[in-house]
Amino acid sequence: MDDTRAIEVHGADDADELLRLRNRVRSTWGDLVARRGAVVDPAEGELLGAYLDHEIIGVASYAIDGDECEVVAIEAYQQRHGIATALMDAIRARARTAGCRRLWLVSTNDNVPAIAFYQQWGMDLAAYRRDAVTDARRRLKPGIPELGHEDIPIRHELEFELDL
């Protein structure tokens, strides 16, 4: 059966929903994510939820800094086409409204499906930081797993960008 119900993307309507979104982000990403040689709390940025029939099916966090917007974390909780696209489209719209000229994010070498999605969505590879994750695991966040998607060793950071 073809599911044509629309995915709705929006921020929290109230404090309870904001807490729910934060808890979903932290349950997936933990309290801190490492990127670019620093750690950030993925749940402290702006949060968006993707909803289907009022159920959270995906979340994203992003941070606007001057004329740049960073996608800090993005996650779909269902194997349904269009969740990540809906979240990224909503972030892009908010970034443009805020006057951002660049949208960027950092991924890791093991995250092959996400890397393919970012490129399909129109992002370009802007930087490759060899052994950045290995270094972050040693210096910043020892809890970063050694193996990622499909048991690929997590070692390198890839930064993607989109000019707005």
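Residues numbered from 1 in each chain as written. Predicted model: local features only at pLDDT ≥ 70, side-chain atom pairs only at ≥ 80, totals over all residues. Heavy atoms only, no water.

(A) Spatial organisation of unusual backbone geometry. One non-glycine residue, Asp53, lies in the positive phi region at around 55 degrees. As for its placement among the helices and strands, Asp53 is situated in the loop between strand 4 (46-52) and strand 5 (55-65). Backbone geometry places Asp151, a non-glycine residue, at a positive phi of 60 degrees. Here Asp151 shows up in the loop between helix 4 (132-139) and strand 9 (157-163). By relative accessible area, Asp151 is classed as exposed at 57%. (Helix = DSSP H or I, 4+ residues; strand = E, 2+ residues; numbered from the N terminus. Buried < 20%, exposed > 50% of the residue type's maximum accessible area, 1.4 Å probe, protein only.)

(B) How the structure looks around helix 4. For helix 4, the set of buried residues is Ala132, Val133, Ala136 and Arg137. All buried residues of helix 4 project into a common sector of 135 degrees when viewed along the axis, lining one side. Packed against the buried residues of helix 4 are strand 2 (33-35), strand 7 (102-108), strand 8 (124-129) and strand 9. (Arc of directions from axis to C-beta. Contact = heavy atoms within 4.5 Å.)

(C) Fine view of the layout of surface pockets. Computed from the structure, the largest pocket encloses a volume of approximately 1,300 Å³. Together, 43 residues line the largest pocket, and Trp29, Ile74, Glu75, Asn111 and Ala114 are the ones closest to its centre. Contributions of two or more residues to the lining of the largest pocket are made by helix 1 (15-29), strand 2, strand 6 (68-76), helix 2 (83-97), strand 7, helix 3 (112-120) and helix 4. With seven residues, the single largest contributor to the lining of the largest pocket is strand 6. (1 Å grid on protein atoms, 1.4 Å probe; cavity = no way out; pocket = protein on both sides within 12 Å on 5 of 7 lines; lining within 4 Å. Points joined across faces, edges and corners; volume = space filled by probe spheres on them.)

(D) Structural detail: the pattern of salt bridges. In this structure the tally under the stated criterion is 17 salt bridges. Between Glu159 and Arg36 there is a salt bridge, and its shortest N-O distance comes to 2.9 Å. With Glu159 in strand 9 and Arg36 in the loop between strand 2 and strand 3 (38-40), this residue pair connects regions lying 123 residues apart in the sequence. One salt bridge connects Arg102 with Glu68, and the closest N-O pair in it is separated by 3.3 Å. Within this pair, whereas Arg102 is found in strand 7, its partner Glu68 is found in strand 6, the two being separated by 34 residues in sequence. (Salt bridge = Lys/Arg side-chain N within 4 Å of Asp/Glu carboxyl O.)

(E) Region of interest: the environment of Arg101. Mapping Arg101 onto the fold places it in the loop between helix 2 and strand 7. Classification of Arg101 as exposed rests on a relative accessible area of 59%. For the pair Arg101 and Glu70, spaced 31 residues apart in sequence, the C-alpha separation works out to 11 Å.

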